[in-house]
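Okay, here's what each chain looks like letter by letter:
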Amino acid sequence: MSEAASVARLPGFRDFPPEALADRERIFEAWRRVSRRYGFVEYDGPPLESLDLYIRKSGEEIVGQLYEFTDKGDRQVALRPEMTPSLARILAERSRALPKPIRWFSIPQLFRYERQQRGRLREHFQWNVDVVGEADTGADAEVLAVGLDGLRALGLGAEDIVARVSDRLLLTALLEAEDVPPGSHPAVFQVIDKLDRGGAEGAGARLRDDAGMAASAADRLLDLIQEGSVERVRSMYGDRPVVAGRLEAMTAYLSDLDALGLGDFVQFDLGIVRGLAYYTGIVFEIFDRERSLRAICGGGRYDRLLELVGGEPLPAVGFGMGDVVLAELLEEKGLRREYRASIDAFVIAASPKEHHLALEVAAALRARGHDVSYALRSHTVRKQFKMAASAGAVAAIVLGPREVEEGMVGVRDMRSGEERSVALADLRAGRGLADG
RNA sequence: GUGGGCGUAGCUCAGGUGGUUAGAGCGCCAGGUUGUGGCCCUGGAGGUCGCCGGUUCAAGUCCGGUCGCUCACCCCA
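Residues numbered from 1 in each chain as written. Chains lettered and ligands numbered in written order. Predicted model: local features only at pLDDT ≥ 70, side-chain atom pairs only at ≥ 80, totals over all residues. Heavy atoms only, no water.

*Asks:* So what exactly am I meant to see when it comes to the overall build of chain A here?
*Replies:* Along chain A, the regular secondary structure elements total 17 helices and 17 strands. Computed over the C-alpha atoms, the radius of gyration of chain A is 28 Å, more than 25% above the 22 Å expected from 2.2 N^0.38 for a compact globule of 436 residues. For the C-alpha atoms alone, the extent of chain A along its principal axes is close to 95 × 55 × 50 Å. Taking the intrachain contacts of chain A between residues at least 6 apart in sequence as the baseline, contacts between residues at least 24 apart amount to 68%. Total accessible area computed for chain A in this model is approximately 21100 Å², and 49% of it derives from carbon and sulfur atoms. Averaging the locations of the 58 positively and 69 negatively charged side chains of chain A gives two centres separated by 5 Å. (Helix = DSSP H or I, 4+ residues; strand = E, 2+ residues; numbered from the N terminus. Rg over C-alpha atoms; globule rule 2.2 N^0.38 Å. Contact = heavy atoms within 4.5 Å. Areas by Shrake-Rupley, 256 points an atom, 1.4 Å probe, with all protein chains shown as cover. Lys, Arg positive; Asp, Glu negative; His and termini not counted. Charge placed at Lys NZ, Arg CZ, Asp CG, Glu CD.)

Below, the structure written as structure tokens:
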């Protein structure tokens, strides 16, 4: 152990032995299946990017936690902390040639250098889904629908999770209505973001002190965040054209989601802000209803990012959903699937004489697409049956001298224990196994 | 980066006030005769008690440090 300690896993990184990989793959499969169901195609990019890609694009927060270093060619590089900048770069090069809207998804492994804690490691896999080239809220709704359906595919329902949606432009318009100068908006966002993590006390004071808001305005804002509804915002600020316009967008967005059958999963909530600097419209986060975990998913509209990276000015909306928090939620909800090894058949040679025949039978079955195993050296039949059981074999094919002489083999159903005699020729031809 | 909790076999854990060869269950390996698994029985391997140092005649047990895990803060993919 002490010897091993010097070459131990790096903190915040995971190994994936078969059981863990099975959990991961199950999640990935759900993500891919749902992405394709909505007509999205998969892409990927390099895990290592130029540091420059993240500076100024993602905001200070993320840059401070980059896994970065100088490579042997004296280049400043960073392991990707998020996928969106890479996507923006990729599209900057080829978006002009692509039919819009572009529907792409990816499952990159992302990295960040920070102390790990529950739901946050230094590495994770994140499902990214983006629609690029469509400014209408229809795209916003589509993206959130994909995310929610991905979670549904894993067994989570509206009683388990909720998407809280907000709009940065709406929030900004409300601040303007309250005469909060643009320079103070980030400070207000900061306070709102913190509200969600139990920082309700002192929020009013911070809005006044840090953001310079009038006491009455601060109270109105906090009240709206806690008891907000589209109707309430409209009744208070609906006479402002910008507010009215954003409320119209929000209404269209929510009704799209409703039409998609996801109304129960969605909740208007001005308390959602999102940390990344590049969001420019509707933003959302998906949480577990019990709020015992951090956000499972976060995303929103980022209409200016592509041109920031030198591409064609295209509107875009997308989200990222990490595998770590999601796996914790699935575990909590009892939705994790137990890992079980499984093969179609295990070929047993009753005596060493049948060993080569066992290999031939296995080869024939494998050629037909079956998953087949057998003992790598001579063992007692008893032992081989145990091996078959622990390999998760659906069937055990017993090759015994007596039967083989008559061209027959025994095929035993490992679950029921029933054994029947099958002609060797039939087995080789793909007949005789349950699903053959 | 800051603070709290924890660190004994692969896993889950026992090991009053320091005292001979550190234990259990599960798992793993090998057997339980002549060709049949899942139960059961027998045997076995596996731990420098995270690491380093200190106190002591004697430390898994006390003290300090360190690393790791974990929770919270910071912050947030």
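*Asks:* Whenever I open this one, the side chain of Ser95 confuses me. Can you help?
*Replies:* Residue placement: Ser95 occurs in the loop between α4 (84-94) and β5 (102-106). One polar contact links Ser95 to Glu312, side chain to side chain, over a distance of 2.7 Å. Apart from the residues within four sequence positions on either side, Ser95 is in contact with Lys100, Ile102, Glu312 and Leu314. (Polar contact = N/O pair within 3.5 Å; in protein donor to acceptor, adjacent residues only side chain to side chain.)

*Asks:* Quick question: what am I supposed to make of the sheet that holds strand β15 (residues 393-399) here?
*Replies:* Hydrogen bonds along the backbone pair up the strands of a sheet, which may run parallel or antiparallel. Across the sheet, which stays open at both edges, the 5 strands sit in the order β14-β13-β15-β16-β17 with mixed pairing between neighbours. Edge positions in the open sheet fall to β14 (372-374) and β17 (419-423), since each of these has one partner strand only. Taking the axes of each pair of neighbouring strands and ignoring which way they run, one obtains an average angle of 30° across the sheet. Pairing of strand β13 (residues 343-349) with β14, which is carried by 3 bridges, proceeds in the parallel orientation. Along β14, the bridge assignment pairs Ala345 with Val372. Sheet strands in contact with helix α15 (residues 381-390) are β13, β15 and β16 (408-413), and its direction is about 170° off that of β13. (Pairing = 2+ DSSP bridges. Axes fitted to C-alpha atoms, helices over the stretch in contact; angles between N-to-C directions.)

*Asks:* Explain the pattern of salt bridges to me, please; I cannot follow it from the model alone.
*Replies:* Between side chains of opposite charge, a pair can form as their charged atoms come close. Tallied over the entire structure, the rule returns 26 salt bridges. In this structure, the salt-bridge partner of Asp71 is Arg75, at a minimum N-O distance of 2.9 Å. Residue classification places Arg75 among the exposed positions, given a relative accessible area of 53%. A salt bridge links Arg428 to Glu360, with the shortest nitrogen-to-oxygen separation between them at 2.7 Å. With Arg428 in helix α17 (residues 424-428) and Glu360 in helix α14 (residues 355-367), this residue pair connects regions lying 68 residues apart in the sequence. When its relative accessible area of 43% is taken as the criterion, Glu360 is described as partly exposed. It is possible to trace a salt-bridge network through shared partners that takes in Arg14, Glu123 and Asp323. (Salt bridge = Lys/Arg side-chain N within 4 Å of Asp/Glu carboxyl O. Buried < 20%, exposed > 50% of the residue type's maximum accessible area, 1.4 Å probe, protein only.)

*Asks:* Where do I start with the packing of aromatic side chains in this structure?
*Replies:* Any pair of aromatic rings gets described here by the distance separating the centres and the angle formed by the planes. By the definition in use, this model includes 10 aromatic pairs. Ring geometry for Tyr67 versus Tyr113: centroids 5.0 Å apart, planes at 85°, classification edge-to-face. Of this pair, Tyr67 sits in strand β3 (residues 67-70) while Tyr113 sits in the loop between β6 (109-111) and β7 (123-132), and the two are 46 residues apart along the sequence. Overall, the relative accessible area of 17% leaves Tyr67 in the buried class. Residue Tyr113 is classed as partly exposed on the basis of its relative accessible area of 43%. A network of ring pairs unites the aromatic residues Phe16, Phe28, Trp31, Phe125, Trp127, Phe284 and Phe319 as a single cluster. The positively charged end of Arg24 is found above the aromatic ring belonging to Phe16, 4.4 Å away from the centroid. Here Arg122 stacks its cationic end above the ring of Tyr113, 4.0 Å away from the centre of that ring. (Phe/Tyr/Trp six-rings, centres within 6.5 Å; stacked < 30°, edge-to-face > 60°. Lys NZ or Arg CZ within 6 Å of the ring centre and 35° of its normal.)

*Asks:* Could you clarify how one ought to interpret α4 in this entry?
*Replies:* Note: α-helices contain 3.6 residues per turn, so residues at a spacing of three or four share the same orientation. Of all 11 residues that make up α4, 8 are buried, and the element is covered over most of its length. Every buried residue belonging to α4 is among Thr84, Pro85, Ser86, Leu87, Ala88, Ile90, Leu91 and Ala92, and all of these are buried. In the core, the buried residues of α4 are packed alongside β2 (48-50), β5, β7 and α12 (305-308).

*Asks:* Help me understand the pairing of strand β10 (residues 282-288), please; the structure alone is not making it clear to me.
*Replies:* In summary, the side chains of a regular strand alternate between the two faces of the sheet. Most of β10 is tucked away: 7 of the 7 residues are buried. Of the two faces of β10, the one holding Ile282, Phe284, Ile286 and Asp288 and the one holding Val283, Glu285 and Phe287 are both buried throughout. Sheet topology places strand β8 (residues 161-167) next to β10; 7 bridges connect them, and they run antiparallel. Paired with Ile161 across the strands is Asp288, a residue of β10. Examined bridge by bridge, β10 and strand β11 (residues 297-301) share 4 bridges and lie antiparallel to one another. Within the sheet, the bridge partner assigned to Ile286 lies in β11 and is Cys297.

*Asks:* Help me out: how do you make sense of the sheet that holds strand β4 (residues 76-79) in this one?
*Replies:* Ordered by their spatial adjacency, 3 strands build an open sheet running β2-β4-β3, and the pairing between neighbours is antiparallel. Where the open sheet ends on each side, the last strands, each with one partner, are β2 and β3. Recorded for the sheet is a direction-independent mean angle of 35° between the axes of neighbouring strands. The sheet contact formed by β2 and β4 spans 3 bridges and is antiparallel. By the bridge assignment for β4, Ser50 is matched with Val77.

Nothing here speaks to function; it is geometry throughout.
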